[in-house]
Amino acid sequence: MVERFFPTKRSSGDENHRRGNLSLLSGPISSGKTSLLFQLALNVASASTTTRVVFICHRKKIESNPPFLSQGIDPSSDVFNRIQIKYVDDDEGIRKYFAAFHLHHVDDLPSAVIIDDFGDYFSKLNSVMNSRARDMAMVRTLALCHNAIVDAKKALCELVLSETNHGDSPRSLFIYKRWIPKIFTIKGHGDGSFLLTSNDTSERSAKYSIALQYLILEQIIDDS
């Protein structure tokens with residue numbers, strides 16, 4: 001459901017839609033991926049006063065390029081207190097976090113874990129190892145993330161990753177498909193706007209833009 005990345009009304013079946021869900025958001029550089037992920041975090045955290053979200057990212061990147069909020073979002077809202085920003089510097093940090101995921105008490109588990117620019121955590125490995133070794137590091141990390149989310153003691157827990165691609169699809173798409181069933185793709189749509197689509201052809205698409213430091217939903221498109 002592409003609507004989950006924008007400030008739309010929650011449906012009664014939204015919680016069931018998230019159950020055990022693993023998703024990838026793939027798009028080109030400067031297409032608003034971080035902003036879309038943060039809006040998703042706000043949507044999930046808004047479910048109740050006890051709902052918590054963990055947002056994993058690079059500290060330098062998020063501080064130099066913070067996400068743009070949608071218009072009408074109150075930056076002083078208590079919802080922001082239910083989003084934990086966790087700074088992680090490398091792929092080993094991600095593996096350590098998920099290796100200890102099962103140690104959380106059921107009431108302390110987040111409803112969602114969101115990792116901004118997941119593939120970037122492995123980019124520096126290109127200089128010290130070949131592409132196959134880098135791919136194997138990604139496989140080990142994705143497998144650990146997948147198992148932690150699937151085996152979570154809490155009924156509702158999801159993992160959402162983003163990946164920057166430099167073409168029609170991320171270079172490691174074949175790896176992601178092994179672990180992640182739901183893939184959202186961003187493509188330029190002209191006039192500075194973008195089109196967000198799902199690999200589920202029965203779902204709708206969304207046209208959006210980043211303007212005046214806001215994430216703006218322009219149109220929900222019924223592809224059927």
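Residues numbered from 1 in each chain as written. Predicted model: local features only at pLDDT ≥ 70, side-chain atom pairs only at ≥ 80, totals over all residues. Heavy atoms only, no water.

The name that an unreviewed UniProt entry assigns to the chain is P-loop containing nucleoside triphosphate hydrolase, with the source organism given as Arabidopsis suecica.

Caption draft 1: A look at the packing of aromatic side chains. Tallied over the entire structure, the rule returns ten aromatic pairs. Summarising the aromatic geometry, the rings of Phe-118 and Tyr-176 are spaced 6.2 Å apart at their centres and angled 65° between planes, so their arrangement reads as edge-to-face. Here Phe-118 is found in the loop between strand E4 (112-115) and helix H5 (131-150), whereas its partner Tyr-176 is found in helix H6 (residues 173-179), with 58 residues between them in sequence. A residue is classified by how much of its surface remains accessible, and Tyr-176, at 0% relative accessible area, is buried. Taken together, Phe-6, Phe-194 and Tyr-208 form an aromatic cluster joined through their ring pairs. For the cation-ring pair, Arg-178 lies above Trp-179, with the distance from its terminal atom to the ring centre recorded as 4.2 Å. (Phe/Tyr/Trp six-rings, centres within 6.5 Å; stacked < 30°, edge-to-face > 60°. Helix = DSSP H or I, 4+ residues; strand = E, 2+ residues; numbered from the N terminus. Buried < 20%, exposed > 50% of the residue type's maximum accessible area, 1.4 Å probe, protein only. Lys NZ or Arg CZ within 6 Å of the ring centre and 35° of its normal.)

Caption draft 2: Quick look at H5. For H5, which comprises 20 residues, the first-to-last C-alpha distance of 28 Å matches the rise-based estimate of 28 Å (1.5 Å per residue) to within 8%. Every buried residue of H5 is accounted for by Arg-134, Asp-135, Ala-137, Met-138, Thr-141, Leu-142, Ala-143, Cys-145, Ala-148 and Ile-149. Buried residues along H5 sit against strand E1 (22-27), helix H4 (91-99), strand E5 (158-164) and H6. (Expected span 1.5 Å × (residues − 1). Contact = heavy atoms within 4.5 Å.)

Caption draft 3: How the structure looks around unusual backbone geometry. The phi angle at Ser-30 is positive, at roughly 60°, despite the residue not being glycine. Secondary-structure assignment places Ser-30 in the loop between E1 and helix H2 (33-45). Of note, the phi angle at Asp-117 is positive, near 55°, even though the residue is not glycine. Looking at the secondary structure, you find Asp-117 in the loop between E4 and H5.

Caption draft 4: Expanded view of the side chain of Glu-3. Position of Glu-3 among the secondary structure elements: in the segment before helix H1 (14-18). By relative accessible area, which is 13% here, Glu-3 ends up buried. Polar contacts involving the side chain of Glu-3 include one to the side chain of Arg-204, which spans 2.5 Å. (Polar contact = N/O pair within 3.5 Å; in protein donor to acceptor, adjacent residues only side chain to side chain.)

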